[in-house]
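Observations on the three-dimensional arrangement
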Amino acid sequence: MADIWLMRHGAYEGHRPGYHAPHEATLTQEGREQVRRSLPLPEGVTAIVTSPIPRARQTATLVSHLTGLPIVATSGLLAEWRAPSIVLGRSAETYPPVYRAWRARRLANPSLRCEDGESLTDLHTRARHCATFLHHAAQRHGPLLAVSHTLFLGVLTHLPEGPAAFVTASRTPWRFTELRLLPVHRRAAPGLQRHAQ
């Protein structure tokens, strides 16, 4: 089975802790330097797949330019968790009451959405589909680099936890351009499997 390496994009315009970046936020000069410093990639990587969100796509494009590796797919499966638009460009101290209320109930009811945001159940389902997509892409192209976003990568690497993986992901963020190997998950235990469906 071919290795799948996961990378978070580089630093982007407007970043600060607890901040929900607007979709169009782009890499900063520091973000581009972080990409350069992340090289060389692990030995054997032959292709790149990426999220379509600009900061990830720009990271993947720069890695491709610097290494000569092809970008073989851009997939919305790798996009960041879709936060509700009412919190984009905001940080924790300015979250509206409806979002704070959703946060308090999200684990008790993981299928609950906050306005136009993605539920934890929907995010986990997308991460499961993404894992399948990545394994198929690695079978076709060989060892991969997948460029994505901190919350989504956290859920992807903690799939057996079910929708609660979102909380694990939010407590253990990835540093910009950090690389981690996608773990090979065994089938979830029956209790976890119920939540994942």
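Residues numbered from 1 in each chain as written. Predicted model: local features only at pLDDT ≥ 70, side-chain atom pairs only at ≥ 80, totals over all residues. Heavy atoms only, no water.

For the structure on display, the rule yields five aromatic pairs. Note on Tyr95 and Tyr99: the rings are 4.8 Å apart at their centroids and 80 degrees apart in plane angle, and the pair reads as edge-to-face. Residue Tyr95 shares its accessibility class with Tyr99, and that shared class is buried. Summarising the aromatic geometry, the rings of Tyr99 and Trp102 are spaced 5.5 Å apart at their centres and angled 25 degrees between planes, so their arrangement reads as stacked. One end of the pair, Tyr99, and the other, Trp102, are both in helix H3 (residues 97-105), three residues apart, so they sit about a helical turn from each other. In this pair, the class of Tyr99 matches that of Trp102, namely buried. One aromatic cluster in this structure is built from Trp81, Tyr95, Tyr99, Trp102 and Phe166. The lysine or arginine in question, Arg55, covers the ring of Tyr12, its NZ or CZ lying 4.9 Å from the ring centre. (Phe/Tyr/Trp six-rings, centres within 6.5 Å; stacked < 30°, edge-to-face > 60°. Buried < 20%, exposed > 50% of the residue type's maximum accessible area, 1.4 Å probe, protein only. Helix = DSSP H or I, 4+ residues; strand = E, 2+ residues; numbered from the N terminus. Lys NZ or Arg CZ within 6 Å of the ring centre and 35° of its normal.)

On to the nonpolar core, then. Counting 34 residues, the largest nonpolar core has Leu6, Trp81, Leu134 and Leu156 as the members making the most contacts within it. No other element matches the eight residues that helix H4 (residues 120-141) contributes to this core. (Core = buried A, V, L, I, M, F, W, Y, C linked by side-chain atoms within 4.5 Å.)

Right, let's get into the packing of helix H1 (residues 29-37) against helix H2 (residues 54-67). The interhelical angle for the contact between H1 and H2, taken along N-to-C directions, is 45 degrees, at an axis separation of 10 Å. In terms of orientation, H1 lies oblique with respect to H2. With respect to the hand of their crossing, H1 and H2 are arranged in right-handed fashion. Between H1 and H2, the contacting residues are Arg32, Val35 and Arg36 on the first element and Thr59, Leu62, Val63 and Leu66 on the second. (Axes fitted to C-alpha atoms, helices over the stretch in contact; angles between N-to-C directions. Parallel < 35°, antiparallel > 145°, perpendicular 65-115°, else oblique. Left-handed = near helix turned anticlockwise from the far one by under 90°. Contact = heavy atoms within 4.5 Å.)

Counting buried positions along strand S1 (residues 4-8) yields five of five residues, so the element is predominantly enclosed. What you see with S1 is no split at all: Ile4, Leu6 and Arg8 on one side and Trp5 and Met7 on the other are buried throughout. Strand direction decides the pairing type here: S1 and strand S4 (residues 144-148), joined by five bridges, are parallel. Counted as the bridge partner of Trp5 is Leu145 from S4. One ladder, built from three bridges, connects S1 with strand S5 (residues 179-181); its direction is antiparallel. (Pairing = 2+ DSSP bridges.)

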